[in-house]
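Secondary and tertiary structure notes
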Amino acid sequence: SQLALFLKEKGHNIYFLCGLKTNGPDYTPVVRQFFLPNGFKGNSENREFILKIIKEYSISTIINQTDFGLLFSRSYIPKNVKIISVIHNSYKAMNMAKPSLYRKLRYRLAMSYFLTKVAILSDKIVVFSDKFISEYKYYCKLALKNKFCVIPNFNSYDNIREDFVKEKELKIGDIVSIR
């Protein structure tokens, strides 16, 4: 929400596209919010809904915060719409917490598959620390030169310095953020 507010203050039109209605009665979204008709399923009804939102609201950038490529595919998202994927977690740390070698191997294979899909899908991949880049490359063996952008987590800081954000190479227009 902090990033959405920051971008809104800079004149961008921001919309949230959510899979599930999980917000309690006290929650008031900071921007307009839409809900996918079928949760986070990658079916034709959800794809048509996403395309309708892109067209109706002239969306030029999607900030993908949850999807591992299940909803999005470059085969139906217009080429002029940029996709920026945000990686919130240290998948390597989560893998180390697995109790058995079998579960660690299975997790690594699954994450390799999903993070490779995200890399193919995304124009940029935002991580919250330089450390996450090497961790991402641990799972994804594609050449990812110039795909990463490191931005501190907006929800972790009260003030994000303007000059820090300005120097980042994220070219964004009207945005839909997948949550």
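Here's a quick rundown of the structure. Since this is a predicted model, take the numbers as computed values, not measurements. (Residues numbered from 1 in each chain as written. Predicted model: local features only at pLDDT ≥ 70, side-chain atom pairs only at ≥ 80, totals over all residues. Heavy atoms only, no water.)

With the rule as written, the count across this model stands at one cavity of 30 Å³ or more. Considering only enclosed or pocket space, the largest cavity measures out at about 50 Å³ in volume. Around the largest cavity sit Ile-87, Asn-89, Ser-90, Tyr-91, Leu-115, Phe-132, Glu-135, Tyr-136 and Tyr-139, which together line it. With four residues, helix H5 (residues 130–139) is the single largest residue contributor to the lining of the largest cavity. Taken together, the residues of the lining of the largest cavity sort by class into six nonpolar, two polar and one charged. (1 Å grid on protein atoms, 1.4 Å probe; cavity = no way out; pocket = protein on both sides within 12 Å on 5 of 7 lines; lining within 4 Å. Points joined across faces, edges and corners; volume = space filled by probe spheres on them. Helix = DSSP H or I, 4+ residues; strand = E, 2+ residues; numbered from the N terminus. Nonpolar A, V, L, I, M, F, W, Y, C, P; charged D, E, K, R; others polar.)

On inspection of all chains with the given rule, the structure shows two salt bridges. A salt bridge links Lys-52 to Glu-56; the shortest N-O distance between them is 3.9 Å. Placement of both Lys-52 and Glu-56 in helix H2 (residues 44–56) is noted, with a separation of four residues, approximately one turn of the helix. For Lys-52, a relative accessible area of 46% gives the class partly exposed. Its salt-bridge partner being Lys-131, residue Glu-135 comes within 3.9 Å of it at the nearest N-O pair. Of this pair, Glu-135 and Lys-131 both sit in helix H5, four residues apart, which is roughly one turn of the helix. Given the relative accessible area of 48%, Lys-131 is considered partly exposed. (Salt bridge = Lys/Arg side-chain N within 4 Å of Asp/Glu carboxyl O. Buried < 20%, exposed > 50% of the residue type's maximum accessible area, 1.4 Å probe, protein only.)

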